[in-house]
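# Observations on chain architecture
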Amino acid sequence: MENILLFIESNHSQYLSELKELLAIPSVSSQSERKPEMHRTAEWLKNHMTNIGLQNVQILETEGHPVVYADWLGAAGKPTILIYGHYDVQPEDPVDLWKTPPFEATERDGHLYARGAADDKGQIFIHLKALEAFLKNGGTLPANIKIIFEGEEEIGSEHLSKFIADHKDLLKADLIVISDSDFFAKGVPSVTYGLRGISYMEVEVTGPNSDLHSGSFGGSVHNPIQALTEMIASLHDNNGRITVKGMYEDVRLLTKAERAAFKKLPWNDRKYAKSLGLKQLYGEKGFTTLERLWARPTLECNGIWGGYTGEGAKTVLPSKAFAKISMRLVPDQSSAKIAKLFEKHIKAITPKTIDVKVRDLHGGDPVLTPIDSPGVQAAVAALEKGFGKKPLYQRDGGSIPIVVDFKRLLGIDSVLLGFGLPDENAHAPNEFIDLDNFFGGIKTAAHYYNELPQFWKNKKKR
Ligand code: BES
Ligand code: ZN
């Protein structure tokens with residue numbers, strides 16, 4: 001291992017210049033005009049993965065954006081790790097709020113700024129560099145490796161389930177490792193064992209059959225924006241609970257032990273509020289912030305539009321108004337069921353003055369992964385070696401929809417070994433990756449491949 005770690009230490013600047021190339025391609029999966037960029041990114045990865053010595057490198061088409069696959073299966077008798085990650089990124093807007101251009105990665109104060117730096121190109125690159133360190137120093141890996149990098153995670157991995165179902169043999173593995181989550185805080189490494197699910201909905205309301213003069217018609221017509229905002233406002237009660245009927249039916253309550261474990265984590269509400277520029281936090285009564293973030297369902301309006309929003313004033317009573325509303329889900333909620341309950345509830349609260357349409361944009365189920373598995377125990381050991389500190393266990397509020405499908409379709413558990421930080425501005429302007437975590441992540445990933453076989457063997461003995 002010495003020579004591997006030394007190799008990693010001595011190649012930092014090379015890693016950064018390569019990662020900058022990957023970050024320069026605007027692989028925004030949600031925008032159809034960026035489709036060629038998705039292919040360019042897949043090609044870039046394919047070339048890079050070939051150059052570092054991986055085998056069977058191929059771009060596999062799906063009904064959506066392509067998947068990049070590679071493997072190295074020369075470690076006879078050793079377990080096989082399937083590394084999953086995503087090369088797609090969220091849109092860069094609002095672009096004016098970026099201090100440096102989102103697709104020109106820039107180093108500042110120990111951070112590398114660019115869209116996708118942390119979520120998730122920087123984190124998939126951590127694995128490629130760890131693998132390269134082995135392949136260029138002896139030419140073998142301590143475990144068998146398969147890799148799939150997809151291009152639709154940020155839009156709900158819509159076509160990946162079918163891809164997995166169609167490629168069960170190709171993807172056969174002992175465990176999955178995903179680096180697309182966060183440390184608890186800088187200097188506080190963690191292993192994530194739970195993620196929330198999601199139901200993402202769009203609501204369209206229609207009032208009059210045309211935009212109207214707000215003077216000539218105001219007073220006789222229920223403004224669709226008013227009607228929609230009244231409906232949205234009613235989706236929470238005064239205790240911060242969601243009012244959608246049936247919302248809490250399947251919510252698994254936190255155990256006493258888990259609540260106690262959350263309370264032991266180094267958390268401070270006041271500091272957290274301050275870091276967000278808030279005078280006060282908001283959330284469901286009766287739960288701590290971490291409980292609300294990790295183990296309680298929430299409902300957010302992600303965007304709302306309608307009427308006139310251009311320069312100056314225009315007096316108009318609009319015909320339509322829209323909102324994008326997502327709900328984060330926890331065990332044992334099902335995103336399909338919640339989507340139906342939401343639609344039913346919205347229809348029930350729609351006033352007679354307007355018509356409503358509800359669309360289900362995407363969904364994914366919540367997940368809890370076992371923490372006593374050899375895959376997780378190897379992650380604990382690797383993090384301790386890579387960052388010099390024992391990691392803590394945490395859940396998180398974000399979603400990686402495909403984790404549930406890996407279990408359902410392949411029967412394989414995932415290990416969430418993320419190297420991001422909660423304040424890295426993922427999905428927001430000025431996203432960055434912390435460079436200590438990036439380089440520490442490469443060392444940790446190398447330790448992980450090296451440690452896993454031993455942990456795996458011990459499991460079999462038990
Ligand atoms: N990396 C995130 C998920 C995440 C964030 C995990 C924070 C743990 C901590 C991932 O790329 C993401 O953003 N997922 C989307 C999924 C959605 C579009 C279906 C999300 O959570 O919004
Ligand atoms: Zn993301």
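What you see is a predicted model, and the numbers here were worked out from it, not measured in a lab.

### Overview of the coordination of the zinc ion (ligand 2)
For the zinc ion (ligand 2), the full set of protein donor atoms is Asp119 (OD), Glu154 (OE), Glu154 (OE) and His427 (NE2), and the range of their distances to it is 2.0 to 2.6 Å. Taken together, the six donor atoms coordinating the zinc ion (ligand 2) and their angles of 54 to 157° define a geometry best described as irregular. Between consecutive donors of the zinc ion (ligand 2), the numbers of intervening residues give the motif D-x34-E-x272-H. Remark: Glu154 occurs in the loop between strand E6 (144-150) and helix H5 (160-166) and Asp119 occurs in the loop between strand E5 (111-113) and helix H4 (121-135); sequence separation between them is 35 residues.

### Observations concerning the side chain of Asp396
Mapped onto the elements, Asp396 comes out in the loop between strand E16 (392-395) and helix H13 (402-410). Of note is the side chain of Asp396, whose polar atom sits 3.2 Å from the side chain of Gln394. The contact partners of Asp396, leaving out residues within four places of it in the chain, are Asp182, Thr192, Gly194, Leu195, Arg196, Leu293 and Trp294.

### Things to note about the site of ligand 1
Inspection of the region around ligand 1 gives 18 residues, with Asp119, Glu153, Asp180, Arg328 and Ser399 positioned closest. In the environment of ligand 1, an oxygen atom lies 2.7 Å from a nitrogen or oxygen atom belonging to the side chain of Asp119. Protein coverage of the free-state accessible area of ligand 1, which is 520 Å², stands at 89%. Looking at the shell around ligand 1 residue by residue, the class counts come to four nonpolar, seven polar and seven charged.

### Things to note about the pairing of strand E3 (residues 80-86)
The buried count for E3 comes to seven of seven residues, which makes it a mostly enclosed element. The side-chain alternation of E3 yields two buried faces, one formed by Thr80, Leu82, Tyr84 and His86 and the other by Ile81, Ile83 and Gly85. Pairing between E3 and E6: seven bridges, direction parallel. Bridging from a neighbouring strand, Thr80 pairs with Asn144 of E6. As paired strands, E3 and strand E7 (residues 175-178) are joined by four bridges and run parallel to one another. Note on E7: the bridge partner recorded for Leu82 is Ile176.

### With respect to the packing of helix H3 (residues 35-51) against H4
At a minimum axis separation of 11 Å, H3 and H4 run at an interaxial angle of 15°. The orientation of H3 with respect to H4, classified from their angle, is roughly parallel. Between H3 and H4 the crossing geometry is right-handed. Side by side, H3 and H4 meet where Thr41, Trp44, Leu45, His48 and Met49 of the first sit next to Lys121, Ile124, Phe125, Leu128 and Lys129 of the second. Partitioned by chemical class, the residues of the contact of H3 with H4 number six nonpolar, two polar and two charged.

Scoring rules and cut-offs
- Residues numbered from 1 in each chain as written.
- Chains lettered and ligands numbered in written order.
- Predicted model: local features only at pLDDT ≥ 70, side-chain atom pairs only at ≥ 80, totals over all residues.
- Heavy atoms only, no water.
- Donors = N, O, S within 2.8 Å, 3.2 Å for Na, K, Ca; no water.
- Tetrahedral: all angles 85-135°; square planar, octahedral: opposite > 155°, others 65-115°.
- Helix = DSSP H or I, 4+ residues; strand = E, 2+ residues; numbered from the N terminus.
- Polar contact = N/O pair within 3.5 Å; in protein donor to acceptor, adjacent residues only side chain to side chain.
- Contact = heavy atoms within 4.5 Å.
- Near = heavy atom within 4 Å.
- Areas by Shrake-Rupley, 256 points an atom, 1.4 Å probe, with all protein chains shown as cover.
- Nonpolar A, V, L, I, M, F, W, Y, C, P; charged D, E, K, R; others polar.
- Buried < 20%, exposed > 50% of the residue type's maximum accessible area, 1.4 Å probe, protein only.
- Pairing = 2+ DSSP bridges.
- Axes fitted to C-alpha atoms, helices over the stretch in contact; angles between N-to-C directions.
- Parallel < 35°, antiparallel > 145°, perpendicular 65-115°, else oblique.
- Left-handed = near helix turned anticlockwise from the far one by under 90°.

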